[in-house]
Amino acid sequence: MENRPLEYDYTVAKWFMLVTVVLGIVGMLVGVILAWEMAFPAVNTIAGSGVAEYTNFSRLRPLHTDSVIFGFTLSGIWATWYYVGQRVLKVSMAESKFLMFLAKLHFALYMVVVVAVVGTLLLGVSTGKEYADFEWPIDIGVVLVWVIWGMSIFGLIGIRREKSLYISIWYYIATFLGIAMLYLFNNMEIPTYFASGGVGAWYHSVSMYSGTNDALVQWWYGHNAVAFGFTVPIVAMIYYFLPKESGQAVYSYKLSLLAFWGLMFVYLWAGGHHLIYSTVPDWMQTMGSVFSVVLILPSWGSAINMLLTMKGEWQQVAASPLIKFMILASTFYMFSTLEGPIQAIKSVNALAHFTDWIVGHVHDGVLGWVAFMIMAALFHMAPRVFKREIYSKSLMNTQFWIQTLGVVLYFTSMWIAGITQGMMWRAHDEFGNLAYSFIDTVTVLHPYYTIRAVGGTLYLVGMFLWAYNMYKTMTSARRVEESELQNASPMGA
Amino acid sequence: MFHWLEKNPFFFAVAVFLTIAFAGLIEILPNFAQASQPVVGTKPYTTLELAGRHIYIKNNCMGCHSQLVRPFKSETDRYGHYSLSGEYAYDRPFLWGSKRTGPDLMRVGNYRTTDWHENHMKDPAGVVPGSIMPAYNWMFKNTADLDTAYAEQVTVNKVFATPYNTEIPMADGSKATVALADSVEGARAAALEEAKLVAADMKDQDVKDAVAAGQVPEIVALIAYLNSLK
């Protein structure tokens, strides 16, 4: 190193790290409860029938999706932003009182929104759109949080020392812009209290769009909330953390360019694949289908770029559980971005849509790619932020294998469940009558729902191991010197 | 070009935004130009039905049930005619759902009765052995929010010209009119009249007593909504 390293200020990064762990556990715990509820309906009233309203599958389900997407993942994105941003722009948060204030405000306001979301969802206050369930007062809070983050990004970029923006920064900027556009348009709603002159619930609103148009905007948002919440920022992470941890340069700059602009251009078209065989115009369904297949190219571009970054250094995968987390994440990214396009092919979609196969797809993406990458990123950050080595390497390894087993049980059981379900729905007997009643297609899934619940539980156990390892790292691991932190993270036994 | 963009964050952000916004413009605008035209026989919701729709949303029924019949023989055999865009003209938000843990409900009003729904919501597995749907007992106790439903009716009537108090052509050639009350009191009274018709087909004595006393339990509104799905 030619220059003395800057003293970066990780205060806000630390706060977000903490929240990532907590909300990760909350989100996945709720998911596990839901999985057991589907396998054994009695679990719905496990806390007594008096409070069934709040432990019921239907109320908990949005809490699960929102806390994993907007709780765990988003906190992870921000934890890494307040770490990576400073380092690749070569500027410390401590240099600007204003940016520091913004970052703290960002965190505080986000906490307020989180509490409001949990409370309202449990009470059933919802606009009814998946992943856009929040009523208008919370939407305003979300927009404020987002604007503050944007100011923080561009503020930090504004005072940077490094002239050229590193690849990860492109992806963080795209995350910010993409979600901003999608969220605003999809959540256009009219508060009925004000429009009707003060009648009814003050927080209630009605969508600006109706029927087919509403569906179109919703899935343009819904799919791309996945794009700009689960893909783009996670790619930002791997582009920073894998080269750092492995000490290898990114394999190809040109490939990263191609993959980035390709992803930006193609991703938004793919939302239409949620609406195949619905009442949206046919050409749009076809576009959604075709562009979903094209999407394999930029997705695999990034993934291959990452895997090839390990060229000649594959022994690190065996040696370091941290590298293992990241390589598994990239592999699951490739797997998931191949599976998605296959499901978007019209004839496959006819079978897969509305079934558990889709649930399986979402979860191999989120558990295998997103969560693994976020955990790896936080593992990499922890020694540098807390100036301590990672408490236990063997615990990390244990976590890795337990969670990998969990993911595999999850997606394999959901594949079988989904395809079984789809085949049974469409089966006719030799007289052209339906071969099965609907309930037959439900009861047959019981073993797969049980396997899924076991898989999910294993993953949750891994989350607790992660939390414990992080906690011990923070509080009682060996202190490390700056010189130990050049590439690979120092780890205890 | 790209090297230049990477040194100019402002232009970089503009370039990214244009690239991602492009697809949305091409896909979404043409459909908005020809906004959903209702098909013959599609009526806006009454106060009670809309209150029921809010309960459907409140309890996230669309998490497990779709409201979209796809144009396949297996689906039209099971659920009825496939969905048409115009049938959703007054649905804000749309409730197609994304998962069928339970069956589609788009036309459930054609083949299930008030009595069936009542029993099913109390004890799903008792009506459909093997069902994994939980019971929704609290709907028999909670009171439906008619005021908010009325506020929404006024809003959609005012802002989106949803045709209340207007003659709507029906499939059999007749005309139907869905009334929008002048005041929230009027809406409550009309909803109660409608609720009485539903409660007459129900067995739960507490629900019957509540309706007789001028209350509308959530279950009554929900069933009114489910019965309207045809």
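## Comments concerning the overall build of chain A
Within chain A, the regular secondary structure consists of 18 helices and two strands. A compact globule built from 493 residues would reach a C-alpha radius of gyration of about 23 Å, and chain A, at 23 Å, matches this within 12%. Projected onto its principal axes, the C-alpha coordinates of chain A cover approximately 80 × 60 × 50 Å. Across chain A, every contact between residues at least 6 apart in sequence was considered, and the portion connecting residues at least 24 apart equals 83%. Looking at chain A as shown, the accessible area adds up to about 17,100 Å², and 70% of this sits on carbon and sulfur atoms. If the 26 positive side-chain charges of chain A are averaged to one point and the 27 negative ones to another, these points end up 13 Å apart.

## Let's talk about the interface of chain A and chain B
Counting residues at the interface gives 95 residues for chain A and 83 residues for chain B. Buried surface at the junction of chain A and chain B, both sides included, amounts to about 7,500 Å², of which 68% is carbon and sulfur. Area buried by chain A at its contact with chain B is led by Trp261, Phe354 and Phe438 of chain A, which between them contribute 11% of it. Linking chain A to chain B there are one salt bridge. With its nearest N and O atoms 2.9 Å apart, the salt bridge here joins Lys99 of chain B to Asp356 of chain A. At the junction of chain A with chain B, the criterion picks out 28 residue pairs in polar contact (both at pLDDT 80 or more). For the side of chain A that touches chain B, the leading source of residues is helix 8 (residues 211–246) of chain A, giving eleven residues. By residue class, the composition of the side of chain A that touches chain B is 54 nonpolar, 31 polar and ten charged.

## Some remarks on the pattern of salt bridges
All names here are of chain B. In the structure shown here, the tally under the stated rule is 20 salt bridges over all chains. In this structure, Glu87 and Arg107 form a salt bridge, with 2.9 Å as the shortest nitrogen-oxygen distance. Pair noted here: Glu87 is in the loop between helix 4 (73–79) and helix 5 (114–122) and Arg107 is in the loop between helix 4 and helix 5, with a separation of 20 residues, a long-range link. Considered together, Glu87 and Arg107 belong to a single accessibility category, that of buried residues. One salt bridge in this structure joins Lys122 and Asp204, with 2.6 Å as the shortest N-O distance. Separated by 82 residues along the polypeptide, Lys122 in helix 5 and Asp204 in the loop between helix 8 (184–200) and helix 9 (205–212) bring together distant segments of the chain. The exposure class of Lys122 is partly exposed, given its relative accessible area of 33%. A relative accessible area of 12% means that Asp204 is categorised as buried. Taken together, the shared-partner salt bridges connect Arg70, Glu75, Arg100 and Asp104 into one network.

Calculation criteria
Residues numbered from 1 in each chain as written. Chains lettered and ligands numbered in written order. Predicted model: local features only at pLDDT ≥ 70, side-chain atom pairs only at ≥ 80, totals over all residues. Heavy atoms only, no water. Helix = DSSP H or I, 4+ residues; strand = E, 2+ residues; numbered from the N terminus. Rg over C-alpha atoms; globule rule 2.2 N^0.38 Å. Contact = heavy atoms within 4.5 Å. Areas by Shrake-Rupley, 256 points an atom, 1.4 Å probe, with all protein chains shown as cover. Lys, Arg positive; Asp, Glu negative; His and termini not counted. Charge placed at Lys NZ, Arg CZ, Asp CG, Glu CD. Buried area = accessible area lost by both parts, 1.4 Å probe. Salt bridge = Lys/Arg side-chain N within 4 Å of Asp/Glu carboxyl O. Polar contact = N/O pair within 3.5 Å; in protein donor to acceptor, adjacent residues only side chain to side chain. Nonpolar A, V, L, I, M, F, W, Y, C, P; charged D, E, K, R; others polar. Buried < 20%, exposed > 50% of the residue type's maximum accessible area, 1.4 Å probe, protein only.

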